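Summary of the model geometry
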Amino acid sequence: QVQLVESGGGLVQTGGSLRLSCAASGRALRYLAMGWFRQAPGKEREFVSAISWSGADTFYADSVKGRFTISRVNAMNTVYLQMTSLKFEDTAVYYCAAPSKSFVVKVTEETAAYWGQGTQVTVSS
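Residues numbered from 1 in each chain as written. Predicted model: local features only at pLDDT ≥ 70, side-chain atom pairs only at ≥ 80, totals over all residues. Heavy atoms only, no water.

1. Things to note about the side chain of Ser21
Which entries qualify depends on this criterion: Helical segments are the DSSP runs of H or I of at least four residues, strand segments are the runs of E of at least two, and each set is numbered from the N terminus. In what follows, a contact means two residues having at least one pair of non-hydrogen atoms within 4.5 Å.
Relative to the helices and strands, Ser21 is located in strand 3 (residues 18–25). Setting aside chain neighbours within four positions, we find Ser21 in contact with Val5, Glu6, Ser7, Trp36, Thr78, Val79 and Tyr80.

2. Overview of the packing of aromatic side chains
Quick note on the threshold: A pair of Phe, Tyr and Trp rings is counted when the ring centres sit within 6.5 Å of each other, with Trp represented by its six-membered ring. The angle between the planes then sorts it: under 30 degrees is stacked, over 60 is edge-to-face, the rest tilted. To sort residues, take the accessible area from a 1.4 Å probe on protein chains only and compare it with the maximum for the residue type: under 20% means buried, over 50% means exposed, and anything in between is partly exposed.
Counted according to the given criterion, the structure contains 5 aromatic pairs. The interplanar angle of 75° and the centroid separation of 5.8 Å between the aromatic rings of Phe37 and Phe47 together place this pair among those described as edge-to-face. In this pair, Phe37 is assigned in strand 4 (residues 34–39) and Phe47 in strand 5 (residues 46–51), connecting sequence segments 10 residues apart. Judged by relative accessible area, which is 1%, Phe37 ranks as buried.

3. Examining the sheet that holds strand 8 (residues 78–83)
In sheet architecture, strand pairing relies on hydrogen bonds along the backbone and comes in two forms, parallel and antiparallel. We count it as follows: By definition, two strands form a pair when at least two bridges between them are found by DSSP. Note on geometry: axes are lines fitted to C-alpha atoms, helical ones only across the stretch in contact, with angles between N-to-C directions running from 0 to 180 degrees.
Taking strand neighbours across the sheet as the criterion, the 4 strands line up as 1-3-8-7 in an open arrangement whose pairing is antiparallel. Both outer strands of the open sheet, strand 1 (3–7) and strand 7 (68–73), are each paired with one neighbouring strand and no more. For this sheet, the mean inter-axis angle between neighbouring strands, taken without regard to orientation, is 15°. By the bridge criterion, 6 bridges tie strand 7 to strand 8 in an arrangement that is antiparallel.

4. Considering the nonpolar core
The following threshold applies: Put simply, buried Ala, Val, Leu, Ile, Met, Phe, Trp, Tyr and Cys residues joined by side-chain atoms within 4.5 Å make one nonpolar core.
Of all hydrophobic cores here, the largest spans 29 residues; its most connected members are Leu4, Met34, Trp36, Phe68, Leu81, Met83 and Tyr94. Those elements that place two or more of their residues in this core are strand 3, strand 4, strand 5, strand 7, strand 8, strand 9 (92–99) and strand 11 (119–124). If sequence neighbours within four positions are ignored, Met83 has contacts with Gly16, Ser17, Leu18, Leu20, Arg67, Phe68, Tyr94 and Val121. By size, the runner-up hydrophobic cluster in this structure holds 6 residues, among which are Ala33, Ala97, Val107 and Ala112.

5. Topic: the environment of Phe59
Looking at where Phe59 falls in the secondary structure, it is placed in strand 6 (residues 58–60). Remark: the alpha-carbon pair of Phe59 and Lys106, spanning 47 residues in sequence, is separated by 7.8 Å. Beyond its immediate chain neighbours, meaning those up to four positions away, Phe59 contacts Phe47, Val48, Ser49, Ala50, Val105 and Lys106.

6. Observations regarding the environment of Ala24
Mapped onto the elements of the fold, Ala24 is located in strand 3. We classify Ala24 as buried; its relative accessible area is 10%. Remark: the alpha-carbon pair of Ala24 and Thr122, spanning 98 residues in sequence, is separated by 24 Å.

Set out below in C-alpha cells:
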C-alpha cells in the first residue's frame, strides 16, 4: 500500500511559478514510476507529466512541455513538479499517482493504483 500526499499548490499570477511535491509513504518510492495528473472544473482529469522508476525517462503533455519539469528524490520518497510560466489554463487540482507494479516506465490513468488527495493550483489572469 502507498499513501501519497501532495503539497505546494496555491494562487499565483500568470507567468509565475510553483513547485508541487508528492510525498510517499508505506512503500519505498525507488522502484515506482510516478505521475502528475490534473482536473480543471467541468473537465475530465488529464495527464500532465510522468517519470520512470529509474528517473531516466520523463514524459510531458504537449500543453506543459518546456514549462514544467518533473523530478524525483528517492532518498526523500518525494516527487516534484516544477511549474513555470504558468497560464490561466493551468488552473486545476493536481494529483500525483503511482502504479501498483514496480519497474513501470510510465504510469497512466489506467495503470495508476494509488492517488493523492490533490492540491489546488489557481492561476489568476
